[in-house]
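Descriptive analysis of the structure
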Amino acid sequence: DVVRSRFRFRASLVGAVLGDCIGSKYEGTARVRMQNLIADVRALHERDTRDLRYTDDTAMTRSVAGSLIVHEKFVAEDMALRFAKEFQKDPCRGYSPGISNLFEKLLQRNLTGGEVFRPAEEQFQGKGSYGNGAAMRVAPVALAYPDIDCIKEVARQIARLTHAHVLGYNGAILQALAVHFALHDENVDKMSFVNKLIAEMEPIEASANASFNSADKPYCKKLEKMKEYLNKKNLSKEDVVKQFGHGVRALDSVPTAIFSFLHCLEPESEILAGFSGLARTIVYSVWLGGDTDTIASMAGAIAGAYYGVESSPTQWMQYCEGVKEAEQNADGLLALYCRRVQER
Ligand code: R7I
Ligand code: MG
Ligand code: MG
Ligand code: MG
């Protein structure tokens, strides 16, 4: 059903923009008060607000979508250059200092072909970044490919342009998988959703272990914990943050975004009744505090893919910068997706 698909593709990228725009006011705030958040949202409904600007999360998501649409596949050099040029054009969007340095290097060195992966490998004394910057921009990959193995591979490759640490790129893979499963699920069951993610992440983390000489599967471990926490009654947000984190590390934010989506499948009592599924997911994830724009953007991409556009709050869409472009990119990705389905 192409019409319903179009709505879900659009809502995924729109959800990512809304989460970024609404969350960015609180980025780095450990304790966000629900009262303040509700006031923000009410201002959007009462048209009593200024336009909310998007940050680097959205800027980079747009580059991922744009490059995939133009080339109809992943082209490393073009993708890296789009990130860097977008940064150069508009550097004050809240990029981390590490990423800013990386883009300066990319632009100065005139790198070609596979060399574009090198600056990422040099980050953080040669260990590579485990930040959430690769996961926060990955949603378009899940919209560009019907095939799950392609999603995993392309998510990893795009991530490695900036995040060479295993936790950085595996976080991007997990987020892409979450968007993929949400997009294709008609009636999400929390436990089977998490089980599907574990089934995919298990071999990925096992093979990472072989090369890093470790027995740890940190993403799978958090996903296992998630099953326990999704069944808990009267869960406090302090508990959620303690278990899943709300920080800038991918490991402390991708599972949190997935948890927010699943937890908000049913209305959370503390959140305004009458909110749509996408709206309450975004409000809930911002309320958790910390890296609010990024966690809300990732949760918004997953929730949008599931609920579709009928769940997108139109008043919010009017005040958030970049919504139109997100819709256009979603349409371009859907066309690409449909071509791939036909070619199968
Ligand atoms: O991951 P990245 O693009 O940052 C994304 C965040 C989001 O919240 C955006 O909204 C934006 O505000 O920035 O940027 P990186 O510089 O790769 O990583 C982000 C942060 O993670 C760094 O500033 C470090 O604090 C931390 N970090 C590390 N610290 C020590 N060692 C990431 N990797 C390492 C590491 O290997
Ligand atoms: Mg930000
Ligand atoms: Mg940001
Ligand atoms: Mg952020």
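Our subject in this report is the structure included herewith.

Each value, and the rule that gives it
- Residues numbered from 1 in each chain as written.
- Chains lettered and ligands numbered in written order.
- Predicted model: local features only at pLDDT ≥ 70, side-chain atom pairs only at ≥ 80, totals over all residues.
- Heavy atoms only, no water.
- Donors = N, O, S within 2.8 Å, 3.2 Å for Na, K, Ca; no water.
- Helix = DSSP H or I, 4+ residues; strand = E, 2+ residues; numbered from the N terminus.
- Buried < 20%, exposed > 50% of the residue type's maximum accessible area, 1.4 Å probe, protein only.
- Near = heavy atom within 4 Å.
- Polar contact = N/O pair within 3.5 Å; in protein donor to acceptor, adjacent residues only side chain to side chain.
- Nonpolar A, V, L, I, M, F, W, Y, C, P; charged D, E, K, R; others polar.
- Contact = heavy atoms within 4.5 Å.
- Salt bridge = Lys/Arg side-chain N within 4 Å of Asp/Glu carboxyl O.
- Core = buried A, V, L, I, M, F, W, Y, C linked by side-chain atoms within 4.5 Å.
- Arc of directions from axis to C-beta.

Here the focus is the coordination of the magnesium ion (ligand 4). Geometry sets the ideal angles at a metal, namely 109.5 degrees for four tetrahedral donors and 90 or 180 degrees for six octahedral donors. Around the magnesium ion (ligand 4), the donor atoms from the protein are Glu27 (OE), Asp291 (OD), Asp293 (OD) and Thr294 (OG1), and they sit 2.0 to 2.2 Å away. Read in sequence order, the donor residues coordinating the magnesium ion (ligand 4) give the pattern E-x263-D-x1-D-T. The magnesium ion (ligand 2) is placed at 3.8 Å from the magnesium ion (ligand 4), the two being bridged by Glu27. Note that Glu27 is positioned in the loop between helix H1 (2–23) and helix H2 (34–45) and Asp291 in the loop between helix H14 (277–287) and helix H15 (292–307), a separation of 264 residues in sequence. Glu27 sits in the partly exposed class, given a relative accessible area of 39%.

The subject of this paragraph is the site of ligand 1. Close to ligand 1 lie 20 residues, the nearest being Glu27, Ser96, Ser129, His163 and Asp291. Between ligand 1 and the protein, one listed contact pairs an oxygen atom with a backbone N or O atom of Gly94 at 3.1 Å. In this structure, an oxygen atom belonging to ligand 1 sits 2.6 Å away from a side-chain N or O atom of Asp291. Sorting the residues of the shell around ligand 1 by element identifies helix H3 (56–71), helix H5 (97–109) and H15 as the ones contributing at least two each. Taken together, the residues of the shell around ligand 1 break down into five nonpolar, 10 polar and five charged.

This part takes up the environment of Ala299. On the secondary structure map, Ala299 appears in helix H15. For Ala299 and Thr256, which are 43 residues apart along the polypeptide, the C-alpha to C-alpha distance reads 8.3 Å. The residues contacting Ala299, other than those within four sequence positions of it, are Ala257, Ser260, Thr281 and Ser285.

This part takes up the pattern of salt bridges. This structure, assessed with the given rule, holds 23 salt bridges. As a salt-bridge pair, Arg93 and Asp90 come within 2.7 Å of each other at their nearest N and O atoms. As a salt-bridge pair, Glu321 and Arg93 come within 2.9 Å of each other at their nearest N and O atoms. Here Arg93 lies in the loop between helix H4 (76–89) and H5 and Glu321 lies in the loop between helix H16 (314–319) and helix H17 (323–343), a separation of 228 residues in the sequence. What makes Arg93 buried here is its relative accessible area of 7%. Here the salt bridges share partners, and the residues they tie into one network are Arg6, Arg10 and Asp331.

Take the coordination of the magnesium ion (ligand 2) next. Around the magnesium ion (ligand 2), the protein supplies Glu27 (OE), Thr55 (OG1) and Asp293 (OD) as donor atoms, at distances of 1.7 to 2.8 Å. Metal-to-metal, the separation of the magnesium ion (ligand 2) and the magnesium ion (ligand 3) is 2.0 Å; Thr55 coordinates the two. Of the two residues, Glu27 sits in the loop between H1 and H2 while Asp293 sits in helix H15, which places them 266 residues apart along the sequence. Among the residues examined, Asp293 registers a relative accessible area of 0% and is labelled buried.

Among the nonpolar cores identified, the biggest contains 126 residues, and Phe103, Val141, Phe193, Ile258, Phe261, Leu262 and Trp316 are the most heavily contacted of them. Counting residues per element, this core draws most heavily on helix H9 (residues 166–183), at 13 residues.

Among all positions in helix H6 (residues 118–126), only Pro119, Ala120 and Gln123 are buried. Seen end-on, H6 carries its buried residues on one side only, within an arc spanning 100 degrees. Opposite the buried face of H6, at more than 90 degrees from it, the exposed residues are Gln125 and Gly126. The inward-facing, buried residues of H6 abut H5 and helix H8 (148–160). Gly128 occupies a position one or two residues after H6 and carries a positive phi of about 85 degrees.

Turning our eyes to something else, we now look at the side chain of His246. Examined against the element boundaries, His246 turns out to sit in the loop between helix H12 (237–244) and helix H13 (254–263). A relative accessible area of 18% places His246 in the buried class. Engagement of the side chain of His246 in a polar contact is seen with the backbone oxygen of Leu288, the distance being 2.7 Å. Beyond its immediate chain neighbours, meaning those up to four positions away, His246 contacts Ala30, Val241, Asp252, Leu288, Gly289, Gly290, Asp291 and Ile295.

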